[in-house]
Structure formats: C-alpha cells, structure tokens
Amino acid sequence: MLGFGSKFIPTKLPLINPKFISFYVSRCRRVASTALPDLAFTTRGTQLFQLNNYKGRAIHSNETMGTTNGATKTTGALDEGQIFEWYPLDLVRDYEQQKQHDNNDQPQNGSNGTTHKPEPFALVVLNQPLTHLGLVKRLWKNASIRVAADGGANCLYDVAGKNGDHDFDDLTAIIGDLDSLTTETRTYFITHSSSPTASQTAIIHEPSQYSTDFAKSVDYLRDPSCSKPDAPPPDIVAIGGLGGRVDQGLSQLHHLYLFQSSPTYADGRMYLFSGESLTFLLKSGTHRIRVREPGQANQPEKDVFAKWVGILPVKEPSRIWTKGLEWDVEDWPTEFGGQVSTSNHVLPETEVVEVRATKDVLFTIALRDL
C-alpha cells in the first residue's frame, strides 16, 4: 500500500512547478513547446499525472513522440539502466523433493525466458533467537558454507544441539570477539559434526572493537581461501538480521549498504532473513524478482512467499516504477518523511515482480512458514 506513514493510497500526487518540469526535460532532451500539443504544461497547477499518456515519465532521447487522434504516444523504451535478475526461491527450495518430482537437475526458468542455474551461497547466523525453524533448516541445507557470528552459535545450540537435534552440527566456523560465546556452546561445536567427513568447527577470535561480528564473518566468507579458485565471492544470507533491539536492526540494514558498495554486486549479493521476511538491496536499475515458480501462479498452497511487500528508500530519496503488485506505481517519488510503499501486495497471478529505482532501495517480502 502506498502512503505517508499510514495506509493511504493517493489519488493525486503533489503539484509540480515549472522548475520541476524544466529539470525533467533538460536532463533528457530539450523539446520545443510546439512538439507537445497534448501535454498539459502550465506555469502552475500542473500535476504529475496530468501528462496524459506520459504519466510523469521522463522523455528520454531514445523515444520519439507523436499524436494520433489527439492522443500523445511514444515509441521506444525508457532507459531502464542495468537489469538484474533475482531468484530468492533458490535459497529455500526443497531440492531433494524437486529431484524426486522432476527426476533430473535441470536449470530453473529465468524471468526473461532464459535458463537459470542456482548459485551457491553462504550462511551467517547472527546473535538473535531463531524462529521459523522449517525455513532456517532449509537455508542451512542449501548453503555451501555456514558460519556463526559469535553468539549466533549459542542460538543454534539452544534450538538444536541442546535438545539432541543434530541438524545444525555442521558449522564451519564461529567468528567474532567471542564475548558472547558460552563455554557449553564452544565445547559442543568442537566435539560434534553431522558427518564423519565434516571438519571440526573452527573457533576464530577477532578481538577488534572497530568491526562488528557480522562484518568479521563477511570478511571471512569473502576471503579467497573460502571459495574455489577464480570463483566470485559468494552471495550471503544472514539469519536473524532483523528483530530484537531497534539499534541492532538498523545496524543490519546499514550493513546491507556497507557490504554492497558496488553498483553491480561485484562482491556478491546479501539477504537478511528474519523468519517472517526476506530483505535485500536493489541497486539503481531494473530488477526482476521471481517470487513464484513458473506455472505456479494462483496456487497459494505452493507459495514460499506471502503477499506483503515493502520498497524502502533507507539511504536517500528515490523514484520507483513497479509491476506485478496490487498498487503499482510509475515514476513515484519516495523518501523517509515523505511517501513510502509498505504493505503492498503481490498479485496472485504474478510470478515475477519488477522494480525500477533511480537510487538504491530496500526490497522486503514476507515469507510463509514451512
């Protein structure tokens, strides 16, 4: 839903003045006023959605304009910037069940008709109580490497090892200043493993107080020694990234920006898993996010994600375009203290949500429990 801190859907957007219009035209290409007979440009009172078929879009140099029966039209596409494909279903897919059903290991369908093969990812368990264990166990099983950030190891032990559950025994490393790691947890993980071939859990003491345990874990995972030769840095999923104290939650959102400074995710992508939602950073550009398997629209019993979506301009104001949501927008300004999109809904027939943003925004989508 779209609004100003509440559940409000605007029927009209704020007035824009000549300066605003001049900015939009000048940054694309200058057009003589006689070339726009159907655009309602006035020196005052012009509203964003009064631009007839343009709907407030910038007129880019790769578009041409004309009129048909008095209606303005365009040809060519807006500059979408870089295009990114997202497959968050890979993180929690039940691959064993899929192999039994398909009897093969075929790549998944990409959102643009291409084939897609799941990429390995690393898992970081943060120091937050673990809930929604069905999803956590699916993430654990699908991860290629698993580390705990200091007290995150206590959380794993409390929900599993302490109770005789060995699902989380195969922990690669515990990393941090270790001020939260209990003796009981330390002893458990250095003496248990889920298979005879698994290596003993490494205990890595990093005493620096100028870096968080989360950051230390990310540094460890991005070290070339953790990857195959010539392999790119792995994507990372952090469990327990949100919840608990507000300052800790905001710190995790800060880390999403901090760890992904590249405009092309050159250091790998990052996700925050809170049990109830999955959150990740959309860089400036166009993003195609697969939220349902191909052919599974309108089958809610097969959904991994729930319907609720938010698109949040945490760092700076942005403009967004969306497709596949109940309340889609075009060229919509969004900023904290202004208007933000929260509690929007993925449509039942949507398989791929599309989001275009002029500046980085956070995308968060609710998860169904497994």
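If you're wondering where the values come from, they're calculated on a predicted model, not measured in any experiment.

K.L.:
Can you break down the packing of aromatic side chains residue by residue, with the values?
P.N.:
Under the counting rule described, the total for this entry stands at 10 aromatic pairs. Look at Phe-84 and Tyr-265: their rings are 5.2 Å apart centre to centre, the planes differ by 90°, and that puts the pair in the edge-to-face class. Of this pair, Phe-84 sits in strand 6 (residues 83-86) while Tyr-265 sits in the loop between helix 8 (246-258) and strand 14 (270-273); the two residues are 181 residues apart in sequence, bridging distant segments of the chain. There is no split in this pair, since Phe-84 and Tyr-265 are both buried. An aromatic cluster is built from Phe-84, Trp-86, Tyr-265, Tyr-271, Phe-280 and Phe-363, whose rings are joined through pairwise contacts. Residue placement shows Arg-269 over the ring face of Tyr-265; its charged tip is 5.0 Å from the ring centre. In this structure, Arg-356 is placed above the aromatic ring of Trp-321, and the distance from its NZ or CZ to the ring centre is 3.9 Å.

K.L.:
Now, about the pattern of salt bridges: what can you tell me, with residues and values included?
P.N.:
Taken as a whole and judged by the stated rule, the model has 13 salt bridges. The partner of Arg-93 in a salt bridge is Glu-293, and the shortest N-O contact between them spans 2.8 Å. A residue pair is termed long-range when its members are at least 10 positions apart, and Arg-93 in the loop between helix 2 (89-92) and helix 3 (95-102) and Glu-293 in the loop between strand 16 (285-290) and strand 17 (305-312) qualify at 200 residues. A single burial state applies to Arg-93 and to Glu-293, both of which are buried. We note a salt bridge from Arg-290 to Glu-351, for which the minimum N-O separation is 3.6 Å. Here the residue Arg-290 occupies a position in strand 16, and Glu-351 occupies one in the loop between strand 20 (340-345) and strand 21 (352-357), the gap between them amounting to 61 residues. Each of Asp-90, Arg-93 and Glu-293 takes part in salt bridges that share partners, so that together they form one network.

K.L.:
Explain the nonpolar core to me, using residue names and the numbers behind them.
P.N.:
Judged by nonpolar contacts, the single largest core of 53 residues is most densely connected at Leu-139, Leu-156, Phe-273, Leu-278 and Phe-363. When residues no more than four places from it in sequence are discounted, the contact partners of Leu-278 are Pro-88, Leu-91, Tyr-271, Leu-272, Phe-273, Phe-305, Phe-363, Thr-364, Ile-365 and Leu-367. In terms of nonpolar packing, the next biggest core, distinct from the first, is built from 22 residues, Val-124, Ala-215, Ile-236 and Leu-281 among them.

K.L.:
Quick one: what's the story with unusual backbone geometry, residue by residue and with numbers?
P.N.:
The residue Asp-150 is not glycine, and still its phi comes out positive at about 50°. One can find Asp-150 in the loop between strand 10 (145-149) and helix 5 (152-159). Overall, Asp-150 belongs to the buried group, its relative accessible area being 0%. Phi angles above zero are rare outside glycine, and Asp-230 is one such case at about 70°. Structurally, Asp-230 is set in the loop between helix 7 (213-222) and strand 13 (235-239).

K.L.:
I'd like a description of the sheet that holds strand 6, backed by residues and values.
P.N.:
Across the sheet, five strands lie side by side as 6-16-21-18-19; this open sheet has mixed pairing. Among the strands making up the open sheet, the edge pair consists of strand 6 and strand 19 (332-334). Each strand axis lies, on average, 25° off the axis of its neighbour in the sheet, ignoring direction. Taken together, the four bridges between strand 6 and strand 16 define a ladder with parallel strand orientation. When the bridges of strand 16 are listed, Phe-84 appears paired with His-287.

K.L.:
Account for the environment of Thr-212, naming residues and giving values.
P.N.:
Looking at where Thr-212 falls in the secondary structure, it is placed in the loop between strand 12 (202-205) and helix 7. The partly exposed category is assigned to Thr-212, whose relative accessible area is 34%. For the pair formed by Thr-212 and Ala-149, sequence separation is 63 residues and the distance between their alpha carbons is 8.9 Å. A polar side-chain atom of Thr-212 sits 3.0 Å from a polar atom in the side chain of His-255.

Rules used in this analysis
Starting from 1, residues in each chain are numbered consecutively following that chain's sequence as written. pLDDT decides what is reported in this predicted model: residues at 70 or higher carry local features, side-chain atom pairs at 80 or more are listed and counted, and totals for whole chains, interfaces and linings draw on all residues regardless. Only heavy atoms go into the side-chain values, all of them from the structure, while hydrogens and water stay out. Stacked, tilted and edge-to-face are the three classes applied to pairs of Phe, Tyr and Trp rings, where Trp contributes its six-membered ring and a pair requires centres within 6.5 Å; stacked means planes under 30 degrees apart, edge-to-face means over 60, and tilted covers the rest. Counting from the N terminus, the helices are DSSP H or I runs at least four residues long and the strands are E runs at least two residues long. Only protein chains enter the accessibility calculation, which uses a 1.4 Å probe; a residue is then buried when its area is under 20% of its type maximum, exposed when over 50%, and partly exposed in between. Distance and angle both matter: a charge sits over a ring if NZ of Lys or CZ of Arg is within 6 Å of the ring centre and within 35 degrees of the ring normal. Criterion for a salt bridge: a side-chain nitrogen of Lys or Arg within 4 Å of a carboxyl oxygen of Asp or Glu. Nonpolar core, defined: a set of buried Ala, Val, Leu, Ile, Met, Phe, Trp, Tyr and Cys residues in which side-chain atoms within 4.5 Å join the residues together. Contact between two residues is taken to exist if any of their heavy atoms lie within 4.5 Å; hydrogens are not considered. When DSSP locates at least two bridges between a pair of strands, those strands are taken to pair. Interaxial angles span 0 to 180 degrees and are taken between N-to-C directions of axes, which are lines fitted to C-alpha atoms, for helices over the stretch in contact. The definition of a polar contact used here is a pair of N or O atoms within 3.5 Å, where within protein one atom must be able to donate a hydrogen and the other to accept one, and adjacent residues in sequence count solely through side-chain atom pairs.

In short, geometric facts, not functional conclusions.
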